[in-house]
Amino acid sequence: MHIQLPYAGIVLLIGPSNSGKSTWLNQLIEIEIIRPSEVVSSDDYRKLVGDVEHIDWKGHPPDEADSLFETYQDISTEAFALMTLLIEARARLNKLTIIDATHLYASDRKKYIELAHRLHQPIYALVLDIAQPILLERDRLRDFPRGGRRVKQQVQVFNREKRTIKREGFNQIHVISDVSQVNVERENMNPLHLSSERGIDVIGDIHGCFDEFLELLERLGYRPNDEGLYVHPEGRVFLSLGDIMSRGPKSLETIEFFIRHVEADIAHMIDSNHGWKVFRWLEGRNVTMKHGDELFVEELQMYEKQKGSDATETLKSSMKRLLKHAPSHYVLTKQDIPTAVCVHAGIRDEFIGKTSRDISDFCRYGDNEGFDEAGKPIRKDWTVQHKSKTLIIWGHDPRPRPLRLNHTINIDQGVVFGGRLTAFRYPEQTIVQVEAKQDYAQVDDNPLVTLEAKRLDPPNIGKLMNGYTVDTEAFGEIRVSKETALPSIDLVSHHTVPLEELVYIPPTMSPTPKPSEEEDYLEHPNEAIAYYREHGITRLIAEKKHMGSRAILLLFKNEDAAEKAIGRRTKGIIYTRSGRKFFEREQEHEIVSRLHQSLTTHDYFTTYQTDFVLLDAEILPWNLKARELIRNQYAHVAEQALLDRKQLQQTLESAVDHVEGIQDWFTEVNQKLEQAETFKQAFQTYCWDVEEIDSIQIAPFHVLAHSEETFFNQSHEWHMSMNQKLAEMDDLFLATDYKIIEDTDSANDVIEWWKTMTEDGHEGIVIKPERFMTKVDGKLIQPAIKVRGRKYLSIIYGMDYLEPDNLKRLKKRNVSKKQKLALREFALGMEGIKRFVHRESLERYHECVLATLAMEAEPVDPRL
């Protein structure tokens, strides 16, 4: 007899005492078929909880025997309770557990059968059917005999019960009369695991679009060999997420292709809803073939007319074999470590790596809650419940573009509906796509059209209120806590521009990572330059930092373009970095109209073939938005300090020649008076009266996006050149001065430029890598570092901050949290813009905006 134990599951040994269960298991442990940790013995657990394996109550007076029997029963009850906890834990962790106990009664077996089914584990029964004389003889030789009467009672129960075992719900039952004649093997590797060491190309729903599929394979580098099999020169294999047939024009060709490649072990295919339906139809089940499956039937009928019934039956057998053995999902591994999951419609974390009927249904159909009026399933968002770090790659639900959500990625881009066929290359995690040649499905409820119509539907705030995760391409997973999500939701609910217009929140910016080594400076360009040099970046750009208020400008080609993008007819909007309107309605209308006229006159939208331009800018003067702050904080503090210090100076001045010992004090007060004057001049430099819009200056420093593309791949020099072009189109736009840093001389030039500029009262500079986004060893580094001047910092840290003791204390400031926030917010901003440009749903780009606002709610020193 040959027995194959599963990789994971529960195995019950069933048989009377002395059947040889423990002896046999010990032999299997010795030859390393099973591990000691995989065996759970009732005798061992009696020892653990009660210090004894067996209590013999025979030969004792009745009162003693009753007490001993009850004690043994109590120990057994506790032992089995503890065993069950361990078995349940191992089942959750997808481990194999072999239970060494008699399991003579159906009730004993039932609890493990139910446990296995509940935790999606196979359960096997190994029934040791040993002759009674052998059992009695073995009992006589035991250290603690059970007694012949008890053994005979167990045999009687066993003979009665073994007839019903096959109806109890075991996945496999093996009846063994002699263990020496049994060959036991086991699956040492989870059959759902696939190594990705040589690369796997995961392909979304094909739906019979065979021409597009072949085009995609060739684009991925696969070529037909002498046998007509598509192979990759690097040994990569391709894996289908299912639904390879139905709806499209060439289902049979696609299925035949996969039969040959899967059987040759150079391709893999996952079970799916259409695949399962086709399999049941081929089996002769009562299945209604609709929703595109009827096209498969028509193809098969045509095939039979052309090839005959024998060839058709042969093809049917091959198709049934392919579809029947397609697993519910695959787990991709790197160095035998699970890192990703491929599944058709969705999976729960607790299902990963396991097999059951319920798991198969979930993986085929996703999480559904009934059907709508048209008979289509109402899909629930299963991705919300995905908590593990394992990447889930799935299809089934067509989306216009690959959808990354909560560490999952959907790669069904609706090729059969006129969209694209997508391949997700793993472990590289890159996307390759081909366009559909046409809309093959030709249905009224095209999901891609429906999604576009619902693009600006309000987001499901309930998904965000308890905290959520945003999967960004630049930074990876970013977690938003409930504590910061709730106030941010309140902010966008009451104070910001409408959600559909709020497409981007600029990131915070970190100061120099280390304090300046210069004696009289808190910040200095040297530290910013050194940070990038340490990361191997030699070419930098230094841009003048304007002292104004950060603003986002979204300017449209025309009102039709605006309605298409944000659902409202307008020429443009301008809002602050907290999402509020920057100007009052009439003033915004005047500024937007003028900018729109200038851009249109200079053919901006036509030249760049875009429906809109998204700008990140600084709007001057500072007092446009900071009037109350200036009046109540800076101006008041400056006037009071000047008044107090002048009075003290005058008092000391009259006494300095007459009173010994106050000269130092007088000198100190003069210095403090100069510091107060510097403080006043510092903030006044950034303020002027605004009587008309010509007094306003808008300094854009990033052209973030057009309607068909983002510009995160461009250099900062390119962005500066675009800003110069904008300044040439309208005097409201202000070009930003900048310098390139390539070597020591150019670095020194920038430092002198910075010193001159900041001594004149300007805020400072921003030093950036050459590229908009830069990664080193796969990690995002600071996209920009601000270096503020000494005078400007007096309004941040106080007019006396440069005094030695104060400066020494400030140089110990910790900027690490600010740096982390800057990176996360930068990644969120880019992610949100990409989603907006790709015309993803409002919910998708809003979660990035909300996450950035939530980051801003994190407690961090506001002076940094």
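Quick caveat: nothing in here was measured; it's all calculated off a predicted structure. (Residues numbered from 1 in each chain as written. Predicted model: local features only at pLDDT ≥ 70, side-chain atom pairs only at ≥ 80, totals over all residues. Heavy atoms only, no water.)

## Comments concerning the overall build of the protein chain
Using the following cut-off: Note on conventions: DSSP H or I runs of at least 4 residues are helices, E runs of at least 2 residues are strands, and numbering of each starts at the N terminus. Residues count as neighbours in contact if any of their non-hydrogen atoms are within 4.5 Å of one another. Note on areas: Shrake-Rupley, 1.4 Å probe, and residue coverage restricted to the protein chains presented here. Asp and Glu count as negative and Lys and Arg as positive, but His and the ends of the chain are not part of the count. Charge coordinates come from a single atom per side chain, which is NZ of Lys, CZ of Arg, CG of Asp or CD of Glu.
Helices and strands together make up the secondary structure of the protein chain, namely 26 helices and 36 strands. Within the protein chain, counting contacts between residues at least 6 apart in sequence, those at least 24 apart form 72% of the total. When the accessible area of the protein chain is evaluated, it comes to approximately 40400 Å², of which 47% is carbon and sulfur surface. Put simply, the protein chain has 111 plus and 138 minus side-chain charges, and the middle of one group is 5 Å from the middle of the other.

## A word on the nonpolar core
If you look at soluble globular proteins, the nonpolar side chains tend to sit buried side by side. Quick reminder of the rule: Residues belong to one nonpolar core when they are buried, are Ala, Val, Leu, Ile, Met, Phe, Trp, Tyr or Cys, and are joined through side-chain atoms within 4.5 Å. Think of it in three bands: residues with accessible area under 20% of the maximum for their type are buried, residues over 50% are exposed, and the middle band is partly exposed, with areas taken using a 1.4 Å probe on protein chains only.
The biggest cluster of nonpolar side chains holds 49 residues, and the ones touching the most others in it are Tyr504, Leu554, Tyr575, Leu614, Ile833 and Phe836. Membership of the second largest hydrophobic core comes to 46 residues, among which are Phe210, Leu214, Ala436 and Ala441.

## A closer look at the packing of aromatic side chains
Working definition: an aromatic ring pair is given by the centre-to-centre distance plus the angle between the planes. As a reminder, the rule being used: Only centres within 6.5 Å qualify two rings of Phe, Tyr or Trp (six-membered ring in Trp) as a pair; their planes then separate them into stacked at under 30 degrees, edge-to-face at over 60, and tilted for everything else. Only when the NZ atom of a Lys or the CZ atom of an Arg is both within 6 Å of the ring centre and within 35 degrees of the ring normal do we say a charge sits over the ring.
Inspection of the entire model under this criterion finds 25 aromatic pairs. One aromatic cluster is present, formed by Phe210, Phe213, Tyr222, Tyr230, Phe238, Phe257 and Phe258 through successive ring pairs. Taking NZ or CZ as reference, Arg364 lies 3.8 Å from the ring centre of Trp276, over its face. Of note, Arg790 hangs over the ring of Tyr521, and the distance from its end group to the ring centre comes to 4.9 Å.

## Concerning the pairing of strand 27 (residues 549-556)
The criterion, for reference: Only when DSSP finds a minimum of two bridges between them are two strands counted as paired.
Judged by how many residues are buried, strand 27 sits mostly within the fold: eight of eight residues are covered. Here strand 27 shows no split at all, with Ser549, Ala551, Leu553 and Leu555 on one side and Arg550, Ile552, Leu554 and Phe556 on the other all buried. As paired strands, strand 27 and strand 29 (residues 612-620) are joined by eight bridges and run antiparallel to one another. Within strand 29, the residue paired with Ile552 across the bridge is Asp616. Where strand 27 lies against strand 28 (residues 572-576), five bridges are found, and the strand directions are antiparallel. Among the inter-strand pairings, Leu553 is bridged to a residue of strand 28, identified as Ile574.

## Brief notes about the sheet that holds strand 15 (residues 337-343)
Using the following cut-off: Angular values range over 0 to 180 degrees, each being the angle between N-to-C directions of two axes fitted as lines to C-alpha atoms, with helices fitted over their stretch in contact.
Taken together, the six strands give an open sheet; going across it, the order is 8-14-15-18-20-19, and neighbouring strands pair in mixed fashion. What marks the edges here is a single partner per strand, and that holds for strand 8 (193-195) and strand 19 (403-405). The mean angle between the axes of side-by-side strands here comes to 25°, regardless of whether they run parallel or antiparallel. When strand 18 (residues 391-394) meets strand 20 (residues 408-410), the two strands line up parallel, connected through three bridges. Note on strand 20: the bridge partner recorded for Trp394 is Asn410.

## Here's the deal with the sheet that holds strand 28
In spatial order, the strands read 28-27-29-30-31; together these five strands make up an open sheet with antiparallel pairing. Two strands in the sheet have a free side with no partner beyond their single neighbour: strand 28 and strand 31 (709-710). Pairing geometry for strand 30 (residues 697-706) and strand 31, over two bridges, is antiparallel. Counterpart to Ala705 in the pairing with strand 31 is Thr710. Of the strands in this sheet, strand 27, strand 28, strand 29 and strand 30 touch helix 17 (residues 585-601), which is tilted by about 125° from strand 28.

## Overview of helix 11 (residues 309-324)
The following threshold applies: Given the number of residues in a helix, its expected span is that number minus one, multiplied by 1.5 Å. Arc definition: it is the arc formed by the directions from the helix axis to the C-beta atoms.
Over its 16 residues, helix 11 runs 22 Å from end to end, which matches the ideal 22 Å to within 8%, given 1.5 Å per residue. Looking at helix 11, one finds that the buried residues are Thr312, Leu315, Ser318, Met319, Leu322 and Leu323. With its buried residues spanning 130° around the axis, helix 11 presents them on a single face. Exposed and oriented more than 90 degrees from the buried face of helix 11 are Asp310, Thr314 and Lys324.

## Focus: the packing of helix 8 (residues 251-263) against helix 11
The cut-off we apply is this: By definition, any crossing whose near helix is turned counterclockwise from its far helix by less than a right angle is left-handed, and any crossing with a clockwise turn is right-handed. Just so you know the grouping, Ala, Val, Leu, Ile, Met, Phe, Trp, Tyr, Cys and Pro go in nonpolar, Asp, Glu, Lys and Arg go in charged, and all remaining residues, Gly too, go in polar.
Here helix 8 crosses helix 11 at 65°, and the two axes come no closer than 10 Å. Handedness of the helix 8/helix 11 crossing: left-handed. Of the residues in helix 11, those in contact with Leu252, Ile255, Glu256, Phe258, Ile259, Val262 and Glu263 of helix 8 are Leu315, Ser318, Met319, Arg321 and Leu322. Grouping the constituent residues of the contact of helix 8 with helix 11 by class yields eight nonpolar, one polar and three charged.

## What to know about the environment of Glu518
Here Glu518 lies in the loop between strand 25 (510-511) and helix 15 (525-534). Spatially, the C-alpha atoms of Glu518 and Ala423 are 54 Å apart, while their sequence positions differ by 95 residues. In contact with Glu518, not counting residues within four places along its chain, are His524, Asn526 and Lys811.

## Focus: the pattern of salt bridges
Selection rule: A pairing counts as a salt bridge when a side-chain nitrogen of Lys or Arg comes within 4 Å of a carboxyl oxygen of Asp or Glu.
Within this structure, the stated rule accounts for 58 salt bridges. Residue Arg118 is joined to Glu88 by a salt bridge in which the shortest nitrogen-to-oxygen separation is 3.2 Å. Taken as a pair, Arg118 in helix 4 (residues 106-118) and Glu88 in helix 3 (residues 62-92) lie far apart in primary sequence, 30 residues in all. Residue Arg404 is joined to Asp471 by a salt bridge in which the shortest nitrogen-to-oxygen separation is 3.9 Å. On the criterion of sequence distance, the pair formed by Arg404 in strand 19 and Asp471 in strand 23 (residues 468-472) is long-range, its members being 67 residues apart. Using a relative accessible area of 17% as the deciding quantity, one classes Arg404 as buried. One continuous salt-bridge network, built from bridges that share partners, spans Glu831, Arg835, Glu840, Arg844 and Glu847.

## Overview of empty space enclosed by the protein
Rules: Only protein atoms enter the 1 Å grid used here, on which a cavity is any set of points holding a 1.4 Å probe that cannot leave and a pocket is any open set flanked by protein within 12 Å on both sides along at least five of seven lines; residues with an atom within 4 Å of a point are listed as lining. Grid points are joined across faces, edges and corners, and a volume is the space filled by probe spheres set on the points.
If you walk through the whole model with that rule in mind, you get one cavity of 30 Å³ or more. A volume near 40 Å³ is recorded for the largest cavity. Taken together, Leu5, Leu13, Trp24, Leu25, Leu28, Ile98, Leu126 and Val184 make up the lining of the largest cavity. The element best represented in the lining of the largest cavity is helix 1 (residues 21-30), accounting for three residues. Here the lining of the largest cavity is built from residues that sort into eight nonpolar, no polar and no charged.

## Description of helix 1
Along helix 1, the residues that are buried comprise Lys21, Trp24, Leu25 and Leu28. Down the axis, helix 1 shows its buried residues gathered within 100° of arc, on one side only. Positive phi shows up at Glu32, right after helix 1, with a value of about 60°.

## Describing the pairing of strand 18
Residues Leu391 and Ile393 point to one face of strand 18 and Ile392 and Trp394 to the other, with burial holding for every one of them. Across three bridges, the pairing between strand 15 and strand 18 is parallel. Note that in strand 18 the partner of Cys342 across the bridge is Ile393.

## Examining a negative patch on the surface
What counts, and what does not: Note that patches include only residues with greater than 30% relative accessible area and no salt bridge, and the join distances are 9 Å for like charges and 5 Å for nonpolar side chains (Val, Leu, Ile, Met, Phe, Trp, Tyr).
The grouping of Asp66, Glu70, Asp74 and Glu78 at the surface amounts to a negative patch. Within the secondary structure, Asp66 is located in helix 3.

## Remarks on unusual backbone geometry
Note the cis peptide between Tyr426 and Pro427, where omega equals 15°. Topologically, Pro427 is positioned in the loop between strand 21 (420-426) and strand 22 (430-435). The phi dihedral of His103 is positive, around 50°, even though this residue is not glycine. Relative to the helices and strands, His103 resides in the loop between strand 4 (96-100) and helix 4. Since its relative accessible area comes to 2%, His103 is described here as buried. Here the phi dihedral of Gln429 falls at roughly 60°; this positive angle occurs in a residue that is not glycine. As for its placement among the helices and strands, Gln429 is situated in the loop between strand 21 and strand 22. In this structure Gln429 comes out as partly exposed when scored by relative accessible area, which is 35%.

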